[in-house]
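# Residue-level structural notes
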Amino acid sequence: MPASVAVLGAGSWGTALAVVLCDNGHKVKLWARREEQVQEINEQKTNEAYLPGRRLPDQLEATSSIQEAASTADAVVSVVPTSAVRETMQTLNGVVQHPVLLIHATKGIEPGSLKRVSEMMEEELEERTVRGIAVLSGPSHAEEVSERQPTTVTVSSAELKHQEEAQDLFMTQHFRVYTNPDVIGVELGGALKNIIALGIGMTDGLDYGDNAKAALMTRGLAEITRLGSRLGADPLTFSGLSGLGDLIVTCTSEHSRNFRCGRMLGEGWSLDDVLEQMGMVVEGVKTTKAVQSLAASYDVEMPITDALYEVLFNGLDPKEASERLMGRVKKREVEDLGPSNSTQ
Ligand SMILES: NC(=O)C1=CN([C@@H]2O[C@H](COP(=O)(O)OP(=O)(O)OC[C@H]3O[C@@H](n4cnc5c(N)ncnc54)[C@H](O)[C@@H]3O)[C@@H](O)[C@H]2O)C=CC1
Ligand SMILES: O=C(CO)COP(=O)(O)O
């Protein structure tokens, strides 16, 4: 049944998800902060800064008023960067007239609180604002979704009815949606793969070959799984779409901002210069900071994350970071996947 859906955040991913929702016949209002962007979307049916060259559906409406977008919505899809989640949820409390299903598609962990996005949302949202929170995650570059290329993702929520409602809302012929009850695993997989994508980009910038990339992806997944299991996720989730699937797509694609950021760092650029040049959110940077603290506080060994933390925040040369990783003490491959810090 067609629903009234507000999409919060008109960057690449919010706009691409709005396209999917329009294709499914929903009445979609896309909230953007800048009035010029709203006019461009409504009048020209483009969003050139974030999805260059794509023609947006005629029925897609943008607005700079979150009140207009969300006040009477059945569901709200939040696609703002991690750093904007709390502020956006606080605003949402003041505008919705009846409790909504809130589906977020943000991939990050908050530095400081070390919280996942749905945990931040639970802290901020009032009971009268939401009837359920779900996460949508998986291998899905906005550039390809907006071209209606075949894409598969996962939705997760504490309650099956909300998983299925989110699945029905988004599922189209081009956009296949699976459900998974493991909210912790789905959110962690989406957030932590960005750290590994930064590292893979660095190997590219250093002119390393495919062996180094395969090594980082595989050992990266091992450390994501190690932390995730410790935090209560189902380890199997990490071999699914929101884990391995998203790791592959982010680590192997020119579309990925995290991959491109890592490559520039490997080529010798400074982090500040890279972020300025990118002009879009690179979630892996702040997530590396958060996860380095999270792993330390749970005493979980995450050597790749630690090495990248040193490169990003303490000026370690990427080549030296690679040498440090290669020079670690001898390990067994499989035992090392265990949840706790193994020092055999
Ligand atoms: N681009 C992609 O293909 C995918 C992105 N994601 C995730 O979606 C989230 C959003 O990413 P993108 O849309 O790609 O980023 P983007 O950089 O393309 O756009 C970010 C948008 O958020 C808006 N924004 C920034 N601060 C804000 C604030 N304080 N309040 C309201 N809006 C604010 C910006 O104006 C911009 O429209 C990130 O967590 C990202 O990891 C997830 C899957 C795919
Ligand atoms: O999450 C993504 C694809 O699933 C997009 O990754 P980037 O944020 O690195 O572009």
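The structure presented is a predicted model; accordingly, all values stated were derived computationally and were not measured. (Residues numbered from 1 in each chain as written. Chains lettered and ligands numbered in written order. Predicted model: local features only at pLDDT ≥ 70, side-chain atom pairs only at ≥ 80, totals over all residues.)

### Some words on the UniProt feature "domain: Glycerol-3-phosphate dehydrogenase NAD-dependent C-terminal" (unreviewed entry) in the protein chain
Defined as follows: UniProt positions are given in the numbering used here, feature names are shortened, and annotations may be inferred rather than shown by experiment. Helix and strand assignments come from DSSP, with helices taken as H or I runs of at least 4 residues and strands as E runs of at least 2, each series counted from the N terminus.
Feature annotation in UniProt assigns "domain: Glycerol-3-phosphate dehydrogenase NAD-dependent C-terminal" (unreviewed entry) to the following positions: residues 182-321. Annotated as 74% helix and 0% strand, the span residues 182-321 places its first and last C-alpha atoms 33 Å apart.

### Here we look at the site of ligand 2
Just so we agree on the cut-off: Using a C-beta atom placed from the backbone, a residue is scored as near a molecule or strand whenever that atom is within 6 Å of it. Residue polarity is assigned by list, with Asp, Glu, Lys and Arg as charged and Ala, Val, Leu, Ile, Met, Phe, Trp, Tyr, Cys and Pro as nonpolar; anything else, Gly included, falls into the polar class. Domain start and end points were adopted from an automatic or database domain assignment.
In the region of ligand 2, 14 residues are neighbours, and Ser 140, Thr 250, Ser 256, Arg 257 and Asn 258 sit closest. Elements with a contribution of two residues or more to the shell around ligand 2: helix H8 (183-205), helix H10 (241-251) and helix H11 (257-266). With 3 residues, H10 is the largest single contributor of residues to the shell around ligand 2. Partitioned by chemical class, the residues of the shell around ligand 2 number 3 nonpolar, 7 polar and 4 charged. Here the shell around ligand 2 spans two domains, since at least three of its residues come from each of domain 1 (4-179) and domain 2 (183-337).

### Quick word on the site of ligand 1
What surrounds ligand 1 is a group of 25 residues, the closest being Gly 11, Trp 13, Ala 84, Ala 142 and Met 280. Only helix H1 (12-23) and helix H4 (85-93) provide two or more residues apiece to the shell around ligand 1. Ranked by residue count, the leading element in the shell around ligand 1 is H1, at 3 residues. For the shell around ligand 1, the residue count by class is 11 nonpolar, 10 polar and 4 charged. Shared between two domains, the shell around ligand 1 takes at least three residues from each, and those domains are domain 1 (4-179) and domain 2 (183-337).

### Topic: the pairing of strand S1 (residues 4-8)
The condition that has to hold: Remark: C-beta atoms are placed from the backbone, and a residue is labelled buried if 20 or more other C-beta atoms sit within 10 Å of its own, exposed if 12 or fewer do, or partly exposed between those counts. In this description, strands pair whenever DSSP reports at least two bridges between them.
Burial of S1 is extensive: 4 of the 5 residues sit out of reach of the surface. Of the pairings in the sheet, the one linking S1 to strand S2 (residues 27-31) comprises 5 bridges and is parallel in character. Paired with Val 7 across the bridge in S2 is Leu 30. Examined bridge by bridge, S1 and strand S4 (residues 75-78) share 4 bridges and lie parallel to one another. Its bridge partner lying in S4, Leu 8 is registered against Ser 78.

### Quick notes on the sheet that holds S2
For the record, the criterion: Helix axes are fitted only over the stretch in contact, all axes being lines through C-alpha atoms; the angle between N-to-C directions runs from 0 to 180 degrees. By the convention adopted here, residues are in contact when the distance between their C-beta atoms, placed from the backbone, does not exceed 7 Å.
The sheet built from 8 strands is open, its strands ordered S3-S2-S1-S4-S5-S6-S7-S8 with mixed pairing. Each end of this open sheet is capped by a strand with a single partner; those strands are strand S3 (61-63) and strand S8 (175-179). The mean angle between the axes of side-by-side strands here comes to 25 degrees, regardless of whether they run parallel or antiparallel. In the sheet, S4 pairs with strand S5 (residues 100-104) via 4 bridges, with the strands oriented parallel. Paired with Ser 78 across the two strands is His 104, which belongs to S5. Lying over the sheet, helix H7 (residues 160-170) contacts S4, S5, strand S6 (130-137), strand S7 (151-157) and S8, oriented at roughly 150 degrees with respect to S7. Against the sheet, H10 contacts S6, S7 and S8, and its axis sits at roughly 145 degrees relative to S7.

### Observations concerning the nonpolar core
Rules: Think of a nonpolar core as buried Ala, Val, Leu, Ile, Met, Phe, Trp, Tyr and Cys residues chained together by C-beta atoms that fall within 7 Å.
Counting 60 residues, the largest nonpolar core has Val 7, Leu 17, Leu 21, Leu 30, Val 76 and Val 77 as its most contacted members. Examining the composition of this core, we find that 8 residues originate from one element, H1, more than from any other. Counting only domains with at least three residues in this core, you end up with domain 1 (4-179) and domain 2 (183-337). Sequence-distant contacts of Leu 21, that is, excluding residues within four places in its chain, are made with Val 5, Val 7, His 26, Val 28, Leu 169 and Phe 170. Membership of the second largest hydrophobic core comes to 41 residues, among which are Leu 221, Leu 265, Val 311 and Ala 321.

### Points about unusual backbone geometry
The backbone phi angle of Arg 148 is positive, close to 60 degrees, even though this residue is not glycine. Checked against the element boundaries, Arg 148 lands in the loop between helix H6 (142-145) and S7. Here Asp 299, not a glycine, exhibits a phi torsion of approximately 55 degrees, which is positive. Along the polypeptide, Asp 299 turns up in the loop between helix H13 (283-297) and helix H14 (303-314). A residue is classified by how many C-beta atoms lie within 10 Å of it, and Asp 299, with 9 of them, is exposed.

### Some thoughts on the packing of H8 against H13
What counts is decided by this rule: Each angle receives one of four descriptions, namely roughly parallel if under 35 degrees, roughly antiparallel if over 145, roughly perpendicular if within 65 to 115, and oblique otherwise.
The interhelical angle for the contact between H8 and H13, taken along N-to-C directions, is 105 degrees, at an axis separation of 8 Å. Accordingly, the angle class assigned to the pair H8 and H13 is roughly perpendicular. The segment H8 lies against H13, with Ala 191, Leu 192, Asn 194, Ile 195, Ala 197 and Leu 198 engaging Glu 283, Gly 284, Thr 287, Thr 288 and Val 291. Across the contact of H8 with H13, the residue classes break down as 6 nonpolar, 4 polar and 1 charged.

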